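Letter by letter, the chains look like this.
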Amino acid sequence: MKTGNSLRRWKFLTAGLTVMTLGMSGILPVSASSMLSVTDEAQIRPIKDGSEKYLMKSDGFYCLKDDGSKDDTAAVHYFDHVKIDGTVLDGFYYHDESGCYRAESPHIVKISKLTCMKPDENGDTVEQSFDGYYMVNNLGKLTAAPQVRYIDNLTMDGITFNGYYYFDENGRMVTETGMHELEMSSNGQMFSGTYYFGGPNGALLQEAGVTEDGFPVDATGKVTALDDLGMDTLEPQLTSML
């Protein structure tokens, strides 16, 4: 019968082979076969997204290569309800060159040309690309639902973000001009309806005017009169958009 302590104990699989010790000052390399052999004994799980990487829980959460060393390349990995040491990871998670899934408050990071494999609704494996500015939550989880967030004078790569910005279902800040439907509150402001993000770098345009396609916008950035569009007015709008 396994005890609680056995979960923290690494096996010696071959004479003279020390598997791994973690004070996070360093990790001793092991073979790929050794990694696979200890997944049931230690706080470690394979990352089943085709990356051949592993998730390890010790004094934190770490991404490991199959030789047991920390992954020193920034990456996004997909987890499907993976439970380790009482924590469940579900969705896309980012780590930087430290290989650590950090316990932090929500913040924005720039992700450059990374890809990750995940199953779609049909069970097929598809590639998801990540490139841009992303909202990263605790343990590196990318925001998993479309939403608006307020950003207060954040400067990255010489670009200053100030105001309300729309984030898509993968946590990417949409910096392109567009209209988005919202039903939520953020920073004390209630959003209900369709809003025009036509300001600098995709910020919510909070002034009365019209969209690029001629739709009226009120002072909160909400697109108005959408319900009043009849065929006589809708056809010209669709024509201009196409």
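These numbers come from a predicted model, not from an experiment. (Residues numbered from 1 in each chain as written. Predicted model: local features only at pLDDT ≥ 70, side-chain atom pairs only at ≥ 80, totals over all residues. Heavy atoms only, no water.)

**Student:** Explain the overall build of the chain here, please?
**Tutor:** Looking only at helices and strands, the chain has two helices and 14 strands in total. When the 242 residues of the chain are sorted by exposure, 41% land in the buried category. Within the chain, contacts between residues at least 6 apart in sequence are counted, and of these 46% link residues at least 24 apart. Total accessible area on the chain stands at roughly 13,300 Å², and carbon and sulfur atoms take up 49% of it. (Helix = DSSP H or I, 4+ residues; strand = E, 2+ residues; numbered from the N terminus. Buried < 20%, exposed > 50% of the residue type's maximum accessible area, 1.4 Å probe, protein only. Contact = heavy atoms within 4.5 Å. Areas by Shrake-Rupley, 256 points an atom, 1.4 Å probe, with all protein chains shown as cover.)

**Student:** Explain the pattern of salt bridges to me, please; I cannot follow it from the model alone.
**Tutor:** Opposite charge on two side chains makes pairing possible when the charged atoms of those side chains draw close. This structure, assessed with the given rule, holds five salt bridges. A salt bridge links Arg102 to Asp96, with the shortest nitrogen-to-oxygen separation between them at 3.2 Å. A relative accessible area of 34% means that Arg102 is categorised as partly exposed. (Salt bridge = Lys/Arg side-chain N within 4 Å of Asp/Glu carboxyl O.)

**Student:** How should I be thinking about the packing of aromatic side chains in this particular structure?
**Tutor:** Aromatic ring pairs: the centre-centre distance and the angle between the two ring planes describe each pair. In total, this model carries eleven aromatic pairs according to the counting rule given. Look at Phe79 and Tyr93: their rings are 5.4 Å apart centre to centre, the planes differ by 85 degrees, and that puts the pair in the edge-to-face class. Pair noted here: Phe79 is in strand 4 (residues 75–84) and Tyr93 is in strand 5 (residues 87–95), with a separation of 14 residues, a long-range link. On the basis of relative accessible area, Tyr93 is assigned to the buried category, the value being 4%. Relative to Phe161, the ring of Tyr133 lies with its centre 5.2 Å away and its plane at 65 degrees, an arrangement referred to as edge-to-face. Within this pair, whereas Tyr133 is found in strand 8 (residues 125–136), its partner Phe161 is found in strand 10 (residues 159–167), the two being separated by 28 residues in sequence. Summarising the burial analysis for this pair, Tyr133 and Phe161 share the class buried. A network of ring pairs unites the aromatic residues Tyr78, Phe92, Phe130 and Tyr134 as a single cluster. Sitting over the face of the ring of Phe61, Lys57 holds its NZ or CZ atom 5.5 Å from the ring centroid. (Phe/Tyr/Trp six-rings, centres within 6.5 Å; stacked < 30°, edge-to-face > 60°. Lys NZ or Arg CZ within 6 Å of the ring centre and 35° of its normal.)

**Student:** I keep staring at the environment of Glu104 and nothing clicks. Help me out?
**Tutor:** Residue position: Glu104 is located in the loop between strand 6 (100–101) and strand 7 (107–119). On a C-alpha basis, the gap between Glu104 and Asn137 in space is 6.8 Å, while along the polypeptide they are 33 residues apart. For Glu104, the residues in contact, after removing those within four places along its chain, are Asn137, Asn138 and Leu139.

**Student:** Just to check I follow, could you spell out the pairing of strand 4 for this structure?
**Tutor:** Looking along a regular strand, one sees side chains alternate from face to face of the sheet. Most of strand 4 sits inside the fold, with seven of its ten residues counted as buried. Relative to strand 5, strand 4 is paired through eight bridges, and the arrangement is antiparallel. Within strand 5, the position partnered with Tyr78 by the bridge is Phe92. What sits between strand 4 and strand 5 in their antiparallel hairpin is a turn of two residues, with Asp85 showing a positive phi close to 55 degrees. (Pairing = 2+ DSSP bridges.)

**Student:** What am I meant to see in the sheet that holds strand 1 (residues 44–47) here?
**Tutor:** Each strand in a sheet pairs with its neighbour through backbone hydrogen bonds, running either in the same direction (parallel) or in the opposite one (antiparallel). Spatially, 1-2-3-6 is the arrangement adopted by the four strands of the open sheet, whose pairing is antiparallel. Each having just a single partner strand, strand 1 and strand 6 make up the two edges of the open sheet. As defined by bridge partners, strand 3 (residues 61–64) adjoins strand 6 across two bridges and the pair is classed as antiparallel. Counterpart to Phe61 in the pairing with strand 6 is Tyr101.

**Student:** Teacher, can you tell me more about the pairing of strand 2 (residues 53–57) here?
**Tutor:** For strand 2, the buried fraction is high: five of the five residues fall into the buried class. In strand 2, alternate side chains face the same way, and those of Lys53, Leu55 and Lys57 on one face and Tyr54 and Met56 on the other are all buried. The pairing of strand 1 with strand 2 spans four bridges and is antiparallel. What sits directly across from Ile44, in strand 2, is Met56. Hairpin connection of strand 1 to strand 2: five residues between the antiparallel strands, including Gly50 at a positive phi of 85 degrees. In terms of strand pairing, strand 2 meets strand 3 through four bridges, oriented antiparallel. Looking at the pairing, Leu55 lines up with Cys63 of strand 3. Where strand 2 folds back on strand 3, the antiparallel hairpin that results is connected by three residues.

Remember, this is a structural readout, not a statement about activity or role.
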